[in-house]
Amino acid sequence: NNHEYSLVDGGDGSVYVLTNWKARNFRLMQAPLGSHDKERWKEVIPVSDKIYLEGVDAYAGFLVVSERENGLTQIRLRDLKTGQDRLLRFPDPAYEVGAIALPEFNSTVMRFKYESLVQPPSVYDEEVITQKRTLRKVREVPGYNASLYESKRIWAEAKDGTKVPVSVLIKKGVKLDGSNPTLLYGYGSYGLTNDILFRGHALSLVDRGFVFALAHIRGGSEMGRDWYEQGRLKHKMNTFTDFIAVAEKLISDGYTSNQHLYIKGGSAGGLLMGAVINMRPDLFKGVIAGVPFVDVLTTMLDETLPLTTGEYKEWGD
């Protein structure tokens, strides 16, 4: 109970353990194969207040560490001989990157998938030593011209002063005079991240003058485990006030106005929609609430429903 961990074969008679034992944002430990005594674990990557460790792949000469920092995913390579780290760099201000495990333990390359609001999903190989990067595959999007669009990353200030990241997709040349119709999407529950993925359906809106935005509000894990904890149970109100702060930021920066701002969320994100349109009906022109979870009290009080008891840790009992 309360211990989350995953194991990776170290290839040398040891295992790497990604664990939240005494580490809210997780840390990486190394343990002798077959050992169940945590006191024998050796720390490889310590816990950090700023970096949220999400995964690791082990190879003969290096580790591929998947992590989040400052609201963005990133990949860190660690040379096992020197102990030196190298962070992979990417061109977009907001993006999603994830390591792809290769079956060859003695590999000298690592593979990753990269995408952003303007870059379709792409698979790259990178030579660990030379840093040569090779594009292996990209999703075909007929008629798409990436040079027509741009993504931005802005920050909204929440009610309590917390900085909330926002990812924005616009067509180049759009004037920020408050007249643009805007679709703002949010979720903010279960520690799930509102990932910065290529969303082909958003292009149709952007081509017709829309701004498309993602609110990375508390309740997700974009900024680490605390980001999740600050948006659940007695802190759930932060999820709603964060979203309102993002909407106000888009308006104050000239992306849109309250006469042109539309919002969208589904399931637990539909709960978000129900909350904010009741709290600030003056702020939004329209709302899309997909299968909205807006009967929380009724659901949590009915133990005969199949999903209720498993949800107590998220919503309360």
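Now for a quick tour of the structure. Per chain, residue numbering runs from 1 following the sequence as it is written. At least 70 in pLDDT is required for a residue's local features to be given in this predicted model, at least 80 for side-chain atom pairs to be given and counted, and no such filter applies to totals for whole chains, interfaces and linings, which use all residues. Note: side-chain values were computed over all heavy atoms of the structure, leaving out hydrogens and water.

1. A few points about the nonpolar core
Test applied: Working definition of a nonpolar core: buried Ala, Val, Leu, Ile, Met, Phe, Trp, Tyr and Cys residues. They are joined through side-chain atoms within 4.5 Å. Type-normalised accessible area, obtained with a 1.4 Å probe on protein chains alone, sets the label of each residue: buried when under 20%, exposed when over 50%, and partly exposed for intermediate values. Helix and strand definitions follow DSSP, with helices as H or I runs of at least four residues and strands as E runs of at least two, each counted in order from the N terminus. Any two residues whose heavy atoms approach within 4.5 Å are treated as being in contact.
One finds Val 168, Leu 184, Phe 243, Val 246, Leu 250, Val 276 and Phe 284 to be the most contacted residues of the largest nonpolar core, which totals 35 residues. Secondary-structure elements contributing two or more residues to this core are strand S13 (149–157), strand S14 (163–171), strand S16 (211–215), helix H3 (237–252), strand S17 (261–266), helix H4 (268–279) and helix H5 (296–300). Those residues within four positions of Phe 243 in sequence are excluded, and the remaining contacts are Leu 184, Tyr 185, Gly 186, Ala 215, Ile 217, Ile 263, Leu 272, Met 273, Val 276 and Phe 284. Membership of the second largest hydrophobic core comes to 32 residues, among which are Tyr 59, Leu 117, Leu 169 and Leu 214.

2. Concerning the sheet that holds S14
Operational definition: Here a strand pair is declared whenever DSSP counts at least two bridges between the two strands. Note on geometry: axes are C-alpha line fits, over the in-contact stretch for helices, and angles between N-to-C directions span 0 to 180 degrees.
One open sheet accounts for six strands, arranged S13-S14-S16-S15-S17-S18; its pairing is mixed. Looking at which strands have only one partner, the edges of the open sheet turn out to be S13 and strand S18 (286–290). Averaged over all pairs of adjacent strands, the angle between strand axes in this sheet comes to 20 degrees, irrespective of strand direction. Looking at chain direction, strand S15 (residues 182–185) and S17 are connected through four bridges and run parallel. Following the sheet pairing, Tyr 185 is matched in S17 by Lys 264.

3. A look at the pairing of S15
Quick note on the threshold: A clockwise path from the first strand over the helix to the second, with the strands pointing away from the viewer, defines a right-handed crossover.
Of the pairings in the sheet, the one linking S15 to S16 comprises four bridges and is parallel in character. Bridge assignment links Thr 182 to a residue of S16, and that residue is Val 211. Tracing the backbone out of S15, into helix H1 (residues 200–207) and back to the parallel element S16 gives a crossover that is right-handed.

All quantities given are derived from atomic positions and should not be read as evidence of function.
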